[in-house]
Amino acid sequence: MGPRLDHRSPLVYDTRELGRRPGTLKRLSRSVEAPADLGNEVIGVPEGAPVELDLRLEAVMDGVLVTGTARATVTGECVRCLEPLEQVLEADFQELFAYPDADARTTESGDDAEDEEDTLHIEDDLVDLEPVLRDAVVLALPLQPVCREDCPGLCSECGARLADDPDHHHDAVDMRWAALKELVGSDQDDEMDNEPRRDGGDEPQEK
Ligand SMILES: [Zn+2]
Ligand SMILES: [Zn+2]
């Protein structure tokens, strides 16, 4: 058993008024502040940013079934051009919170200890939606976020952002000439540099 749920947390909801009567339901909409770590390293909801929740809490035989939608703005970085990006994310979730004494009945169907560990429970008539919200948002995040679907990314030659400069290109022939000139140029530089360097190197030794 973890620490007791805090009924003042915006993601903790009281189920008492459902009265354990299957079929009884309660709908609510709420705007909450995003908890920390709502996302991954690439993209996520900044801590404290508003998350709009539409919730439906329904009493069923073994507990309370919570169905909901979360809407929030996620911020991150485009994987192609590395520019900051912002997207509206919508994540759906549904989770059963079992009554504390419902385990005896659940074990009849499957006595897996692992299954039981995954089961969320109602504690003191309260349900904590934070882990549910986190899982739903992380699942809904784009794996490869892009600033726009057709983001051309960065130039493989020089790293310029192609969206800023659509006509950007490097002439393959020019590149080869430039490379050749550089080679020739460095040879010449070496020859010209070598002589004075030899003289220059000797002089200090004689002094
Ligand atoms: Zn981009
Ligand atoms: Zn380039």
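So, here is what we can say about the structure in this document.

1. Quick look at the overall build of the protein chain
Working step 1: In terms of helices and strands, the protein chain carries four helices and nine strands.
Working step 2: Going from N to C terminus, the protein chain has its helices and strands arranged as β-β-β-β-β-β-β-α-α-β-β-α-α.
Working step 3: Each of the 207 residues in the protein chain was classed as buried or not, and the buried ones make up 26%.
Working step 4: If you take every contact in the protein chain between residues at least 6 apart in sequence, the share linking residues at least 24 apart comes to 60%.
Working step 5: In the structure as shown, the protein chain presents an accessible area of about 14000 Å², 48% of it carried by carbon and sulfur atoms.

2. Description of the pattern of salt bridges
Where side chains of opposite charge bring their charged atoms close, a pairing between them can arise.
Working step 1: What the rule picks out here adds up to 12 salt bridges.
Working step 2: Among the ionic pairs, Glu17 bridges to Lys26, the shortest N-O distance being 3.2 Å.
Working step 3: A cluster of three or more residues bridged by salt bridges with shared partners is formed by Asp14, Arg16 and Asp125.

3. Concerning the coordination of the zinc ion (ligand 2)
Working step 1: Donor atoms from the polypeptide that bind the zinc ion (ligand 2) are Cys155 (SG), Cys158 (SG), His168 (NE2) and His170 (NE2), placed at 2.0 to 2.3 Å.
Working step 2: Metal-centred angles of 104 to 115° between the four donor atoms at the zinc ion (ligand 2) mark the site as tetrahedral.
Working step 3: Owing to a relative accessible area of 10%, Cys155 belongs among the buried residues under this scheme.

4. Notes on the coordination of the zinc ion (ligand 1)
Working step 1: Those donors, Cys78 (SG), Cys81 (SG), Cys147 (SG) and Cys151 (SG), are the protein atoms that reach the zinc ion (ligand 1), and they lie 2.3 Å from it.
Working step 2: Each of the four donor atoms around the zinc ion (ligand 1) contributes to a set of angles spanning 104 to 116°, which defines the coordination as tetrahedral.
Working step 3: Binding-site remark: the zinc ion (ligand 1) is held by donors from one chain whose sequence spacing is C-x2-C-x65-C-x3-C. Of this pair, Cys81 sits in the loop between strand 6 (63-77) and strand 7 (84-98) while Cys151 sits in the loop between helix 3 (130-140) and helix 4 (172-206); the two residues are 70 residues apart in sequence, bridging distant segments of the chain.

5. Remarks on the environment of Pro35
Working step 1: Residue placement: Pro35 occurs in the loop between strand 2 (25-33) and strand 3 (38-39).
Working step 2: Of the residues examined, Pro35 reaches a relative accessible area of 11% and is grouped as buried.
Working step 3: Separated by 16 residues in sequence, Pro35 and Val51 place their C-alpha atoms 9.5 Å apart.
Working step 4: Residues in contact with Pro35, not counting those within four places in the same chain, are Leu11, Glu47, Glu130, Leu133 and Arg134.

6. Focus on the pairing of strand 5 (residues 50-59)
Working step 1: Here strand 2 pairs with strand 5 via nine bridges, running antiparallel. When the bridges of strand 5 are listed, Val32 appears paired with Val51.
Working step 2: Pairing of strand 5 with strand 6, which is carried by nine bridges, proceeds in the antiparallel orientation. In the sheet register, Arg56 faces strand 6, and the bridge partner there is Thr67.

7. Describing unusual backbone geometry
Working step 1: At Asp37, a residue that is not glycine, the phi angle is positive and equals roughly 60°.
Working step 2: As for its placement among the helices and strands, Asp37 is situated in the loop between strand 2 and strand 3.
Working step 3: When its relative accessible area of 64% is taken as the criterion, Asp37 is described as exposed.
Working step 4: The phi dihedral of Leu82 falls on the positive side, at around 70°, and the residue is not glycine.
Working step 5: Here Leu82 shows up in the loop between strand 6 and strand 7.

Calculation rules
Residues numbered from 1 in each chain as written. Chains lettered and ligands numbered in written order. Predicted model: local features only at pLDDT ≥ 70, side-chain atom pairs only at ≥ 80, totals over all residues. Heavy atoms only, no water. Helix = DSSP H or I, 4+ residues; strand = E, 2+ residues; numbered from the N terminus. Buried < 20%, exposed > 50% of the residue type's maximum accessible area, 1.4 Å probe, protein only. Contact = heavy atoms within 4.5 Å. Areas by Shrake-Rupley, 256 points an atom, 1.4 Å probe, with all protein chains shown as cover. Salt bridge = Lys/Arg side-chain N within 4 Å of Asp/Glu carboxyl O. Donors = N, O, S within 2.8 Å, 3.2 Å for Na, K, Ca; no water. Tetrahedral: all angles 85-135°; square planar, octahedral: opposite > 155°, others 65-115°. Pairing = 2+ DSSP bridges.

Any functional reading would require information beyond the geometric quantities listed.
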